[in-house]
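Chain by chain, the residues:
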Amino acid sequence: MRAKTPAADFPAPTHDDLIKKLLHQPRLLRDFFRAFLPELARFADLDHIEYLDKEHPRGGKRPRRVGDVLFKTLWKKRETAFLIHVESQNKPHPAALERMGEYALRDGIRYRLPVMPVLLLTYPKPETPQPGELRWDFGRLAAIHVKCPVLHFRRMNPLPHLRGKNVAALALTALMKLEADQQVDAIVSTMAEALRQEFEAEDLDAALDFVNHYLPLAEEQVLQLDRKVDSLARKEPKLKPMPKLINPFVEIGRLRGRNEGRVEGRVEGRVEGRGELALRQIARKFPMIARRAGPLVRRLDAEQLLAFGEELLFMQNPAECMDWLKREVR
C-alpha cells in the first residue's frame, strides 16, 4: 500500500470536500447509516446505492450546495432518494429546517422521487440543540410540516464509537469532543480497522484524510501515535502498512510542535517566524488573503494562535478569517 505524501504538498481541502469524499464511498456511507441512523439502515436496501447530481440552476441569492450528498436506493422495493445536507457553517443557520424542506422538494421535483433529508451539524459551537421539526399550521386550511434527523457531532459521546469497529464512525469522532489521548486513539483505530477490514485504497484515503485534517497532533501526541502504531504493526500482519500511513500525521505534528516552540520563545525576545503554522494554514486555505493576514497573525499570542488553528478549520470564506483576526488583535 502506498505511503501518503505529507498534506502540505497539496492544496488544503475544504470542509465540504472532506465530508463529501467520506460519504461518497458506498462502504463508508453504509457504515455511517449503521452507526448514526440504524433505523434507515434497517428499512432501506443500502446494497443498492446510486449517487445523484444534486446541483440545480440557481439565482445569485440561492446557496450553492457543494457539501450535500444525494443518493438513490431502494425502500420497500421502490426507488427512494435520501438527501444528506451538511450544514458546515461555523454557526447555526437560522433557517436550517426551512432550507432542508426547500432542498428536499427541489430534488423531489427534479427526480420525481420522495426525498428524505438528513441534517449534519459539524460546527463546534454553540452546542445548543437544533430542533428537528418545523410545523406551520393555518387552522384547518393548511399546514406545512418538516421533520428530519439532525446529527450534531459536537454533542455526541465519542466513547461508544471509539470502542467499536465502524470505520466511518471512528473517522467522524474527529468532530466530537476528544481528549488528547482520545485523538490519538481515533486516528489509530480508524487506520487499524480499515486495514483489518481490507478497505479499498479510496475508502482508506477518505477516512484517513478526514481524521488527518480534523485531528492535527501536537508533538507529544505524535510520539504516542508512533508507539501505538509500532506496537500494533508488530503484533498483526494486516497492520504492517500502518507506520507508512502515519507519515502525514507525523509531519503535521512536527510542524505544529516547531511553531508552538517559536511562539513560547517570544518571552525571551523577538522570535523570527512567529505564527508560521497559522500563516501556512491560511496560505493553503485562503491564499488570496495570506499577505494581508500576515501582520495580524504575528500579533497573536500563543493562546490566540492555538485558538485560531482550531477556528480556521470551520471558516468558510476569507472574510470570516479576516474578521476573526481583526477582532482578536484589537
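Model, not experiment: these values are computed from the prediction. (Residues numbered from 1 in each chain as written. Predicted model: local features only at pLDDT ≥ 70, side-chain atom pairs only at ≥ 80, totals over all residues. Heavy atoms only, no water.)

### Observations regarding the confidence of the model for the protein chain
Stated precisely, the cut-off is as follows: For every residue, the predictor states its confidence as a pLDDT score lying anywhere from 0 to 100. Only heavy atoms enter the contact rule, under which two residues are in contact if any of them lie within 4.5 Å.
Mean pLDDT for the protein chain: 81, with 81% of residues reaching 70 or above. Note on residues 1–11: pLDDT under 50 across the span, and 23 contacts to partners over four residues away in sequence or across chains. A low-confidence stretch, residues 257–274 stays under pLDDT 50, and its non-local contacts, those more than four residues away or across chains, total 24 contacts.

### What to know about unusual backbone geometry
The cut-off we apply is this: In this text, helices come from DSSP runs of H or I with a minimum length of four residues, and strands from runs of E with a minimum of two, each type numbered from the N-terminal end.
Residue Pro126 is bonded to the preceding Lys125 through a cis peptide linkage, with omega at -10°. When you line up the elements, Pro126 lands in the loop between strand E4 (115–121) and strand E5 (133–138). For Arg112, which is not glycine, the phi torsion reads 55° and is therefore positive. Note that Arg112 resides in the loop between helix H4 (96–111) and E4. Unlike most non-glycine residues, Glu198 shows phi in positive territory, near 55°.

### A few points about the packing of aromatic side chains
Selection rule: Only rings of Phe, Tyr and Trp enter the pairing, Trp through its six-membered ring, and a pair is recorded when the two centres are within 6.5 Å. The plane angle decides the type: under 30 degrees is stacked, over 60 is edge-to-face, the rest tilted. Partly exposed describes any residue whose relative accessible area lies between the buried limit of under 20% and the exposed limit of over 50%, with all areas from a 1.4 Å probe on protein chains only and scaled to the type maximum.
Counting across every chain of the model gives eight aromatic pairs. When the centroid spacing of 5.3 Å and the interplanar angle of 50° are considered together, the rings of Phe308 and Trp324 count as tilted. Note that Phe308 is positioned in helix H14 (residues 302–312) and Trp324 in helix H15 (residues 318–328), a separation of 16 residues in sequence. The class for Trp324 is buried, based on a relative accessible area of 9%. Members of the aromatic cluster, connected to one another through ring pairs, are Phe32, Phe33, Phe36, Tyr51, Phe71, Phe82 and Phe153.

### A look at the side chain of Arg30
Selection criterion: Counted as positive: Lys and Arg. Counted as negative: Asp and Glu. His and the chain ends are not counted at all. We define a salt bridge as a side-chain nitrogen of Lys or Arg found within 4 Å of a carboxyl oxygen belonging to Asp or Glu. Polar contacts, as counted here, are pairs of nitrogen or oxygen atoms within 3.5 Å of one another; within protein the pair requires one atom able to donate a hydrogen and one able to accept it, and residues that are adjacent in sequence qualify only if both atoms are side-chain atoms.
By the secondary structure assignment, Arg30 is in helix H2 (residues 26–36). No salt bridge is formed by the buried Arg30; the nearest opposite charge belongs to Asp47, separated by 4.6 Å. In terms of polar contacts, Arg30 uses its side chain to reach the backbone carbonyl oxygen of Leu46, at 3.0 Å. Other than its neighbours up to four places away in sequence, Arg30 contacts Leu46, Asp47 and Ile49.

### Thoughts on the environment of His93
Within the secondary structure layout, His93 lies in the loop between strand E3 (78–87) and H4. Residues His93 and Leu121 lie 28 residues apart in sequence; the distance between their C-alpha atoms is 10.0 Å. Within the local environment of His93, its side chain forms a polar contact with the backbone nitrogen of Ala95, the two atoms lying 3.0 Å apart.

### A few points about the packing of helix H13 (residues 290–297) against H15
Any two packed helices are characterised by how steeply their axes cross, that is the angle between the axes, and by the distance between the axes. Formally: Where helices are involved, their axes are fitted lines through C-alpha atoms of the stretch in contact, as for all axes, and angles between N-to-C directions lie from 0 to 180°. Each angle gets one of four labels, with under 35 degrees taken as roughly parallel, over 145 as roughly antiparallel, 65 to 115 as roughly perpendicular, and the rest as oblique. Crossing handedness: left-handed means the near helix sits turned counterclockwise from the far one by under a right angle, and right-handed means the same turn made clockwise. Lys, Arg, Asp and Glu make up the charged group, whereas Ala, Val, Leu, Ile, Met, Phe, Trp, Tyr, Cys and Pro make up the nonpolar group; the residues left over, Gly among them, are polar.
Following both chains from N to C, one finds H13 and H15 inclined at 20°, their axes separated by 10 Å at the closest point. For the element pair H13 / H15, the angle class is roughly parallel. H15 is crossed by H13, and the crossing has left-handed handedness. Judged by residue contacts, Arg292, Ala293, Leu296 and Val297 of H13 engage Met322, Leu325 and Lys326 from H15. Classifying every residue of the contact of H13 with H15 by side-chain character gives five nonpolar, no polar and two charged.

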